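# Per-entry structural report
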Amino acid sequence: MKITGLRTTPLVVPYTQTYHVTQATRTEAAVVLVEVETDEGLIGIGESIAQPNASLIVDSLQVCSDLIVGQPPFAVDALVGAVYRKLISIPAAEMDRMARLIVAGLDMALWDLAGKAAGVPVHALLGGAVHSHIQYFGFVEGESPEAMAEDARRFVEQGIEVIYLKLGRGHETDIACAAAVRSAIGDKRLRLDANEAWDVMTAIRMIKRLEKYDPEFIEQPVSSHNLDAMRQVKAAVDVPLAADQAIHSPEDVFAYCRAQAADVIVLGPHETGGYGQLRKAAAAEAAGIRVCLHGVTETGITTVANHHAALTIPNIDDGNQIMCRFLGEDIISSPDLTLKDGKLPIFDGPGFGFTLDRAAVSRAAERSF
Ligand SMILES: [Mg+2]
């Protein structure tokens, strides 16, 4: 079997609800659907996040398609590595993180293709499932502390154990949101994500104020570019910290573990550049540290693909990020991604085992123009 083509299609899926991060608000998932075609009719499917825009992702992947076409489907890491090296060879530009974002969808599509070609689920190719399920958190949103509390209450009623909310809306609003959500969820576990909102002094002050709401950790309180700032905050507070935007490569994980700058590492394929690198980065296990799946503006394709990888990672967290709740309509029709008590079971392939909803893909493609 040989790869005969690489098809890239920009898609836009609107959200039912805006979500707020420190730097922006998100109202849609914009992705590039990546399809790797073969001479035997099998197609591997993945997605890259369309940032800064879809054109850059499409052009970059198409420029590299000569490295993929004509190759057999099983050498996933070698093919993704070749594309990554071509992308970072641009002189005088810091392309490492961008290249990882671009190749993530190709890596996903190649794993899907390899699984389909072998007739097995991708988790079997990645070493096999070591968990019977993966647990996800309830991502609370709302335009006010009261709305967020109501949202959190719904998650608790659905049996969700871990509740997550983003801060970064202003100090007093952040405190009010944390207080409202804590009182709504009783003794359920609470996680707070500052998304780099604070400098060191503010982070220390805010985390000390937030401590009474018993967060199990605070995520990325300071700039992702400053490991020492993270370590400084960690030394000054009693609440555990998670590193998220700081982590893109296995080397980033090594640096944070060595410096004892984080208690949890948050990882996603769109940051690491696919599942080969993500699984290397999960070697934080050697430092006694869990990794937690990260979500971005993705569709159910990434949700399912992440789930396969997570099943194979011994030190995967028990409160991972899942983004389906925001999608106005998903572009896959199966498997069912409805959480049962916050969990999804093992999915059987072949490949990632999802069914693309071609009608929904057409609607999403029309929206991208
Ligand atoms: Mg985060």
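## Comments concerning the pairing of strand S7 (residues 189-193)
Along S7, four of the five residues are buried, which leaves the element largely enclosed by surrounding structure. Two elements, strand S6 (residues 162-166) and S7, share five bridges in a ladder whose sense is parallel. Within the sheet, the bridge partner assigned to Ile163 lies in S7 and is Leu190. Regarding the hand of the β-α-β motif, the stretch spanning S6, helix H6 (residues 171-185) and S7 is right-handed. Summarising the sheet, S7 and strand S8 (residues 215-219) pair through four bridges and their orientation is parallel. Residue pairing across strands places Asp193 opposite Glu219, the latter belonging to S8. Once the chain exits S7 it traverses helix H7 (residues 200-210) before rejoining the sheet at S8, and the crossover so formed is right-handed.

## A few points about the coordination of the magnesium ion
The protein atoms that coordinate the magnesium ion are Asp193 (OD), Glu219 (OE) and Asp244 (OD), at distances of 2.1 to 2.2 Å. Sequence positions of the donors to the magnesium ion reduce to the motif D-x25-E-x24-D. Separated by 25 residues along the polypeptide, Glu219 in strand S8 and Asp244 in the loop between strand S9 (241-243) and helix H9 (250-258) bring together distant segments of the chain.

## A short note on the domain arrangement of the protein chain
Accessible area lost during the coming together of the parts is what is often quoted as the interface size. Its domain assignment divides the protein chain into domain 1 (3-119 + 358-367) and domain 2 (125-354). Distance from the C-alpha centre of domain 1 to the C-alpha centre of domain 2: 23 Å. Listed by partner, the interface residues are 44 residues for domain 1 and 51 residues for domain 2. Between domain 1 and domain 2 the total buried area reaches about 3700 Å² when both faces are included, carbon and sulfur atoms providing 59% of it. Taken as a group, His20, Arg97 and Arg100 account for 19% of the area that domain 1 buries against domain 2, more than any other trio of residues on that side.

Calculation criteria
- Residues numbered from 1 in each chain as written.
- Predicted model: local features only at pLDDT ≥ 70, side-chain atom pairs only at ≥ 80, totals over all residues.
- Heavy atoms only, no water.
- Buried < 20%, exposed > 50% of the residue type's maximum accessible area, 1.4 Å probe, protein only.
- Helix = DSSP H or I, 4+ residues; strand = E, 2+ residues; numbered from the N terminus.
- Pairing = 2+ DSSP bridges.
- Right-handed = clockwise from strand over helix to strand, strands pointing away.
- Donors = N, O, S within 2.8 Å, 3.2 Å for Na, K, Ca; no water.
- Domains from an automatic or database assignment.
- Contact = heavy atoms within 4.5 Å.
- Buried area = accessible area lost by both parts, 1.4 Å probe.

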